[in-house]
Amino acid sequence: MRVLKFGGTSVGSPENMRAVMKLVADGEKKIIVLSAMSGTTNGLVEISSFLRKKNKDSARITIGNLEATYKKVVAELFKTEENKQKGLEVVKASFKTIKSHTAGTFTDVGENTILAQGEIISTNLVTLLMNENGFNAKLLPALDFMKIDEDKAADTNFIREHIKPVLEEVGEADYYITQGFICRDVNGDINNLQRGGSDYTASLIGAAIDAEEIQIWTDIDGFHNNDPRFVEKTKKIEQLSFTEAAELAYFGAKILHPLTVLPARVQNIPVRLKNTMNPSDSGTLITSESDGMGIKAVAAKDGITAIKIRSGRMLMAYGFLKNVFGIFEKYRTPIDMISTSEVAVSLTVDSTQHLSEIMEELSMFGTVHVDYGMSIVCIVGDIIEEEKGFASKVFNALDGIPIRMISYGGSRHNISILVPESRKKETLVALSKNLLNN
Ligand code: ADP
Ligand code: ASP
Ligand code: MG
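What counts, and where the lines are drawn
- Residues numbered from 1 in each chain as written.
- Chains lettered and ligands numbered in written order.
- Predicted model: local features only at pLDDT ≥ 70, side-chain atom pairs only at ≥ 80, totals over all residues.
- Heavy atoms only, no water.
- Helix = DSSP H or I, 4+ residues; strand = E, 2+ residues; numbered from the N terminus.
- Buried < 20%, exposed > 50% of the residue type's maximum accessible area, 1.4 Å probe, protein only.
- Contact = heavy atoms within 4.5 Å.
- Areas by Shrake-Rupley, 256 points an atom, 1.4 Å probe, with all protein chains shown as cover.
- Axes fitted to C-alpha atoms, helices over the stretch in contact; angles between N-to-C directions.
- Parallel < 35°, antiparallel > 145°, perpendicular 65-115°, else oblique.
- Nonpolar A, V, L, I, M, F, W, Y, C, P; charged D, E, K, R; others polar.
- Near = heavy atom within 4 Å.
- Polar contact = N/O pair within 3.5 Å; in protein donor to acceptor, adjacent residues only side chain to side chain.
- Pairing = 2+ DSSP bridges.
- Salt bridge = Lys/Arg side-chain N within 4 Å of Asp/Glu carboxyl O.
- Phe/Tyr/Trp six-rings, centres within 6.5 Å; stacked < 30°, edge-to-face > 60°.
- Core = buried A, V, L, I, M, F, W, Y, C linked by side-chain atoms within 4.5 Å.
- 1 Å grid on protein atoms, 1.4 Å probe; cavity = no way out; pocket = protein on both sides within 12 Å on 5 of 7 lines; lining within 4 Å.
- Points joined across faces, edges and corners; volume = space filled by probe spheres on them.

K.L.:
A description of the overall build of the chain should follow, citing residues and the corresponding values.
P.N.:
Counting secondary structure elements, the chain contains 13 helices and 16 strands. By principal-axis analysis of the C-alpha atoms, the chain measures approximately 75 × 50 × 40 Å. Burial status across the chain gives 51% buried among its 438 residues. Taking as baseline every contact in the chain between residues at least 6 positions apart, the subset at least 24 positions apart corresponds to 76%. As displayed, the chain offers around 19700 Å² of accessible surface, 50% of which is attributable to carbon and sulfur atoms.

K.L.:
Which residues make up the packing of helix α3 (residues 56-77) against helix α5 (residues 108-132), and what are the values?
P.N.:
Where α3 meets α5, the axes come as close as 11 Å, and the angle between the chain directions of the two elements is 10 degrees. Here α3 lies roughly parallel to α5, going by the angle between them. Listed contacts from α5 to Y70, V73, V74 and L77 of α3 are I121, L125, L129 and E132. For the contact of α3 with α5, a count of residues per class yields seven nonpolar, no polar and one charged.

K.L.:
With reference to specific residues and values, describe the site of ligand 1.
P.N.:
If you check the shell around ligand 1, you find 15 residues, and the closest are K5, T218, D219, H224 and K254. Measuring from an oxygen atom of ligand 1, one finds a side-chain N or O atom of K5 at 3.0 Å. Contacts to ligand 1 include D219, whose side-chain N or O atom sits 2.8 Å from an oxygen atom. With the chains in place, 87% of the 570 Å² that ligand 1 exposes on its own is no longer accessible. Of the residues assigned to the shell around ligand 1, the class counts are four nonpolar, six polar and five charged.

K.L.:
Hey, could you go over the site of ligand 2 for me, with residue numbers and the actual values?
P.N.:
Close to ligand 2 lie S35, A36, T41, E119, F181, R195, G196, G197 and S198, which account for all nearby residues. One of the backbone N or O atoms of G196 is found 2.8 Å from an oxygen atom in ligand 2. Residue G197 places a main-chain N or O atom 3.4 Å away from an oxygen atom belonging to ligand 2. Contact with the protein chains removes 86% of the 270 Å² of surface that ligand 2 exposes when unbound.

K.L.:
Talk me through the sheet that holds strand β7 (residues 213-218); I want residue IDs and the actual numbers.
P.N.:
Read across the open sheet, the eight strands follow the order β3-β4-β2-β1-β7-β9-β10-β8; overall the sheet is mixed. Only two strands of the sheet have a single partner each, and these edge strands are β3 (137-140) and β8 (239-241). Between one strand and the next, the sheet's axes are offset by a mean angle of 20 degrees, whatever the strand orientation. Sheet analysis places β3 next to strand β4 (residues 175-179), joined by four bridges and oriented parallel. Among the inter-strand pairings, L140 is bridged to a residue of β4, identified as T178. Contacts from helix α6 (residues 156-170) reach β2 (30-34), β3 and β4, with the element oriented near 140 degrees to β3.

K.L.:
Quick one: what's the story with the pattern of salt bridges, residue by residue and with numbers?
P.N.:
For the coordinates displayed, the defined rule picks out 27 salt bridges. In the salt-bridge network here, residues are joined through shared partners; they are R2, E28, E212, E213 and R272.

K.L.:
Report on the packing of aromatic side chains, specifying residues and quantitative values.
P.N.:
Counted by the stated rule, this structure contains five aromatic pairs. Seen from their ring centres, F320 and F365 are 6.1 Å apart, and the 75 degrees between their planes marks the pair as edge-to-face. Here F320 is found in helix α10 (residues 320-330), whereas its partner F365 is found in the loop between α11 (355-362) and β14 (367-382), with 45 residues between them in sequence. With a relative accessible area of 7%, F320 lands in the buried category.

K.L.:
How would you sum up the sheet that holds β14? Please name residues and give values.
P.N.:
A sheet is described by the order of its strands in space; here six strands give the open sequence β12-β13-β11-β14-β16-β15, paired in antiparallel fashion. Strands at the two margins of the open sheet, each flanked by one partner only, are β12 (338-340) and β15 (405-411). Strand-to-strand, the axes of this sheet are offset by a mean angle of 30 degrees, without reference to chain direction. With six bridges connecting them, strand β11 (residues 294-310) and strand β13 (residues 344-349) associate as antiparallel partners.

K.L.:
Explain the nonpolar core to me, and be specific about the residues and the numbers.
P.N.:
Residues F6, I31, I47, L125, F145 and M146 are the most contacted members of the largest nonpolar core, which totals 100 residues. In this view, F6 contacts V11, V20, L23, V24, I32, V33, L34, S35, W217 and T276; residues no more than four positions away in its chain are not counted. Counting 19 residues, the second largest nonpolar core, distinct from the first, contains V231, I295, V394 and A397.

K.L.:
Could you give an account of empty space enclosed by the protein, with specific residues and numbers?
P.N.:
Per the counting criterion, the structure on display carries one cavity of 30 Å³ or more. Roughly 40 Å³ of internal volume is contained in the largest cavity. In terms of lining, the largest cavity is formed by A391, V394, F395, I406, Y408 and I415. Contributions of two or more residues to the lining of the largest cavity are made by α12 (390-397) and β15.

K.L.:
Which residues make up the environment of Y318, and what values do they have?
P.N.:
Its location among the elements puts Y318 in the loop between β11 and α10. As a C-alpha pair, Y318 and Y250 span 68 residues in sequence and 31 Å in three-dimensional space.

K.L.:
Summarise the pairing of β15; cite the residues concerned and give the values.
P.N.:
For β15 and strand β16 (residues 414-420), the ladder comprises five bridges, and the chain directions are antiparallel. Bridging from a neighbouring strand, I406 pairs with I417 of β16. Here β15 hands over to β16 after two residues, the two strands then running antiparallel side by side.

K.L.:
How would you explain the environment of R160 if you had to name every residue and give the values?
P.N.:
Tracing the sequence through the fold places R160 in helix α6. Through-space distance from the C-alpha of R160 to that of D210 is 9.5 Å; in sequence the pair is 50 residues apart. In contact with R160, other than residues within four places in its own chain, are A207, A208, D210 and Q267. Within polar-contact distance, the side chain of R160 engages the side chain of D210 at 3.2 Å.

If you want it as structure tokens, here you go:
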């Protein structure tokens, strides 16, 4: 069985929902993972942030606008009065849930419950649409099998054990439609896989059912060799290895949630990126095979903080790095890049949640200096065996860019540089022109 995921734009209007229906309804049994309609999760995030700030009036206005949008969608989507009524009930039920959290103290569970409504509405509407058009589609409730553990990591064992009984309970169907993004946590409360998490849902499900292929359908023809939001004339890549795609996704390529590739790689399931608006295009295929040597693409990740610890005690000493890493481990803060000299170590993190505690503890080892607002720009491919002069090509391409850190040699697939966020676009453009020959 294949797992097909459709993103926000792909289900972003009644017309697009119908296009998705036509695309999937080929008689082959499949699991279809849907995101919320585009703009919805941002709207729900806005509602939650108003409620956090106790700004109930603004929350109610945004809720009213979003509900009105959905009522229009329902009116356009269905043919019969009966189905229009059923569609309205779906919308009303979700908005009743959202409104119930506008009273009393606003909690994390309230926020996560609100954020989940986008996917709950889109999947219910598309299931109803497919049924109205005579297809045997059934809703597969993601909250019954998608789960994260105490570290907020996907509980792959739980998902694998629970998805099959849920499929059986739902009963025979040609098309199983389920919610991306949403899950339950260890307390059984509604939670999610972070923004863009529907891609990750698809690969977790794909791995859990040993799917033959995981397809991510979106609004672009595949993985491009640079970020099309910042750079013109980017080119589609036909094939990437799991490692290359994982590096690019982790380092900011928005087309894939950072963790999407991992479950697929473990089970060796091909991942194909496809364009819902242009289904005949071959898209990008991600497998264990690399498409040869050389640089494939660049990507950038914002919101990075660089920390430098300078210490005389580091000279000729061992155990220094262990102590430094121990502090990051204690605060469960992952480190992305690292670079050392005889007297100092620089590293980067993308979470500032425990930064003040971390800095306080690090200051026992030396002087700590922090740079906020940095971007990691990551150059990915199968690089080590490329022709001589590769490093000089990269550095020539970056002429004039202020580089704060460089990481090279950690693997043959990645060179990362750290630049101020304000210089990211210029860096991506320079790499496109001088390195990727776009
Ligand atoms: P969806 O809602 O379908 O999940 P996303 O907006 O999350 O879609 O991801 C698709 C978008 O990712 C594209 O429209 C494009 O702007 C952006 N993007 C960023 N980097 C890349 C890249 N390297 N290749 C393709 N698209 C990219
Ligand atoms: N709807 C969620 C978001 O906007 C999940 C997703 O689209 O993948 O982040
Ligand atoms: Mg996405």
